[in-house]
Amino acid sequence: MSLSSPGVHLFYHSRWQDTRMLDELCWGLEEQGVPCRATCYNGSDSALALSKQAAKSSTLRVGLGLSETGDIALTHAQLPEDRALICGHIAAGIVQIRALGANAGQLVKVLPFSEIT
């Protein structure tokens, strides 16, 4: 039995430590009332690999990954290893990044995803 508090895990590359982009992902989750646990990872893992690791470590089974290159992936632990639910990039802008975070919360709450334009 896990003693960690439930929340969506966000694994990110150290390049994004203390950045607005990281904040926006977390704020999107908070808007949905879902806690976010952000963890810094060094290495060259892809956003998909980071999100899969995050989902597997989360009691809610939902994870976000933010790679060194700015790629973002949202996934669920039950999806195949090579598949993300939603992918994005930090270049899309803060509104889209926050929407991606909100979509992670909506996945937990079993709500339809917000459209990311």
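Parameters at a glance
- Residues numbered from 1 in each chain as written.
- Predicted model: local features only at pLDDT ≥ 70, side-chain atom pairs only at ≥ 80, totals over all residues.
- Heavy atoms only, no water.
- Helix = DSSP H or I, 4+ residues; strand = E, 2+ residues; numbered from the N terminus.
- Rg over C-alpha atoms; globule rule 2.2 N^0.38 Å.
- Buried < 20%, exposed > 50% of the residue type's maximum accessible area, 1.4 Å probe, protein only.
- Contact = heavy atoms within 4.5 Å.
- Areas by Shrake-Rupley, 256 points an atom, 1.4 Å probe, with all protein chains shown as cover.
- Lys, Arg positive; Asp, Glu negative; His and termini not counted.
- Charge placed at Lys NZ, Arg CZ, Asp CG, Glu CD.
- Core = buried A, V, L, I, M, F, W, Y, C linked by side-chain atoms within 4.5 Å.

**Here's the deal with the overall build of the chain**
Scanning the chain for helices and strands turns up 3 helices and 5 strands. Reading the chain from its N end, one meets helices and strands in the order β-α-β-α-β-β-β-α. Taking 2.2 N^0.38 as the reference for a compact globule, 117 residues should give roughly 13 Å; the C-alpha atoms of the chain span a radius of gyration of 12 Å, in line with that estimate. Across its three principal axes, the chain shows a C-alpha extent of roughly 35 × 30 × 25 Å. When the 117 residues of the chain are sorted by exposure, 44% land in the buried category. Taking the contacts inside the chain whose residues are at least 6 apart along the sequence as the reference set, 59% of them involve residues at least 24 apart. Carbon together with sulfur atoms contributes 53% to the accessible area of the chain, which is approximately 6,000 Å² in total. If you average the places of the 9 positive and of the 11 negative side-chain charges in the chain, the two averages end up 6 Å apart.

**Let's talk about unusual backbone geometry**
One non-glycine residue, D18, lies in the positive phi region at around 60°. Inspection of the secondary structure puts D18 in the loop between strand 1 (8-13) and helix 1 (20-31). One non-glycine residue, V110, lies in positive phi territory at about 55°. Note on placement: V110 falls in the segment after helix 3 (94-108).

**Some words on the nonpolar core**
Judged by nonpolar contacts, the single largest core of 19 residues is most densely connected at L25, L64, L66 and I72. Looking at this core, the elements that each hand over two or more residues are strand 1, helix 1, strand 3 (62-66), strand 4 (71-76) and helix 3. Element by element, the count of residues in this core is highest for helix 1, at 4 residues. Contact partners of L66, with chain neighbours within four places excluded, come to F11, Y12, H13, W16, L22, L25, L50, D71, I72 and I90.

**Description of the side chain of N103**
Assignment of secondary structure puts N103 in helix 3. Accessibility expressed as a relative area gives 0% for N103, which makes it buried.

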